[in-house]
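The chain contents come next:
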Amino acid sequence: LFMRKITRIYKQILFNFRDKINLDELALNKDYSLNEFFNYFGTDKGTDIFDPYINNSNKIKGHGFAKFYEKKLNKYRSKEFSILEIGTWEGASTASFQKFFPKSQLFALDKNFKFKFKSKRVEFVNCNITNKENLDIFEKKFRNKKFTIIIDDGSHFLKDMINSLKFFLKYLNSSGIFIIEDFNAPKYFKELENSNGKELLLDEILRKIKKKENFKSGILSTADQNFLFKNIKKVETYKGDTKISDIAFLSK
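Residues numbered from 1 in each chain as written. Predicted model: local features only at pLDDT ≥ 70, side-chain atom pairs only at ≥ 80, totals over all residues. Heavy atoms only, no water.

Undergrad: Hey, could you go over the overall build of the protein for me, with residue numbers and the actual values?
TA: When you go through the protein residue by residue, the secondary structure sums to nine helices and eleven strands. Computed over the C-alpha atoms, the radius of gyration of the protein is 18 Å, within 12% of the 18 Å expected from 2.2 N^0.38 for a compact globule of 252 residues. Its C-alpha atoms give the protein principal-axis dimensions of roughly 50 × 45 × 40 Å. The buried share of the protein, taken over its 252 residues, is 49%. In the protein, once contacts between residues fewer than 6 apart in sequence are set aside, the share between residues at least 24 apart is 61%. Total accessible area on the protein stands at roughly 13400 Å², and carbon and sulfur atoms take up 52% of it. Measuring between centres, the 48 positive side-chain charges of the protein sit 5 Å from its 32 negative side-chain charges. (Helix = DSSP H or I, 4+ residues; strand = E, 2+ residues; numbered from the N terminus. Rg over C-alpha atoms; globule rule 2.2 N^0.38 Å. Buried < 20%, exposed > 50% of the residue type's maximum accessible area, 1.4 Å probe, protein only. Contact = heavy atoms within 4.5 Å. Areas by Shrake-Rupley, 256 points an atom, 1.4 Å probe, with all protein chains shown as cover. Lys, Arg positive; Asp, Glu negative; His and termini not counted. Charge placed at Lys NZ, Arg CZ, Asp CG, Glu CD.)

Right, here's the structure in full:
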């Protein structure tokens, strides 16, 4: 435990001194659509992106989530509000949101120190959501904070997605939206179904929330489920541009 703390502090120091791309100084067309920002920065939320795992000359088809984001969030474009993004990796989608929502304050949460951007409106939060100590630190830091938008684009492991909804929903403000990307990933990639069949898949859980029907779960107690029923007024799911592209918008 002591060595983990030392390693984390060491990585944090290196991260703080690492050169980063200053988004505040990066001039882009303010009239870009969100998809154009997604494609520019190279997040798979876009439609036509470079594949970072092969080389920069190969393009791949992205999820095409921008049309859903714009449909649901365009009303916030000129407003001041806070976004919590869970699972940011190098920060491509955070950078896109920073440009698309010019008055937003963004909190980019990830367990790794790969984030390569900086901005007066972006704060990187190092947190592993599977680590109770990390979550305790998050609670202490953000106990009085509410976010208008919370996006879970983390590991996509089934138990992580369920725990993320359980833990972070309380940080959503009274008119906020909780977004879960790739919620059906454990259906398509069996290694992501890490509950050994003890938990319902996310699409089934979302249906239960929609109908306000209690269900068997080792993670979500009856009290947890009733909290979800009370605080989620609308569940909307959409299919993106590929067969594995699913996104859910949960409105308070």
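Undergrad: Describe the nonpolar core, with residues and values.
TA: Residues F138 and F168 are the most contacted members of the largest nonpolar core, which totals 38 residues. Per-element accounting of this core gives the leading share, six residues, to helix α6 (residues 158-168). A66, Y76, I83 and F117 belong to the second largest nonpolar core, which has 33 residues in total. (Core = buried A, V, L, I, M, F, W, Y, C linked by side-chain atoms within 4.5 Å.)

Undergrad: Lay out unusual backbone geometry in plain terms, naming residues and giving numbers.
TA: The backbone phi angle of H156 is positive, close to 70°, even though this residue is not glycine. Its place among the elements puts H156 in the loop between β8 (147-152) and α6. Although it is not a glycine, K212 sits at a positive phi angle of roughly 55°. Along the chain, K212 falls in the loop between α8 (202-211) and α9 (222-231).

Undergrad: Provide a residue-level description of the sheet that holds strand β5 (residues 105-110), including the pertinent values.
TA: Taken in spatial order, the seven strands of this open sheet run β7-β5-β4-β8-β9-β11-β10, and their pairing is mixed. Taken across any chain shown, the strands that pair with only one partner, and hence form the sheet edges, are β7 (122-126) and β10 (234-239). The mean inter-strand angle of the sheet, taken between neighbouring strand axes irrespective of direction, is 15°. Here β10 pairs with strand β11 (residues 246-251) via six bridges, running antiparallel. Note that in β11 the partner of Y238 across the bridge is I247. Packed on one face of the sheet, helix α5 (residues 132-142) meets β4 (82-86), β5, β7 and β8 and runs near 145° to β7. (Pairing = 2+ DSSP bridges. Axes fitted to C-alpha atoms, helices over the stretch in contact; angles between N-to-C directions.)

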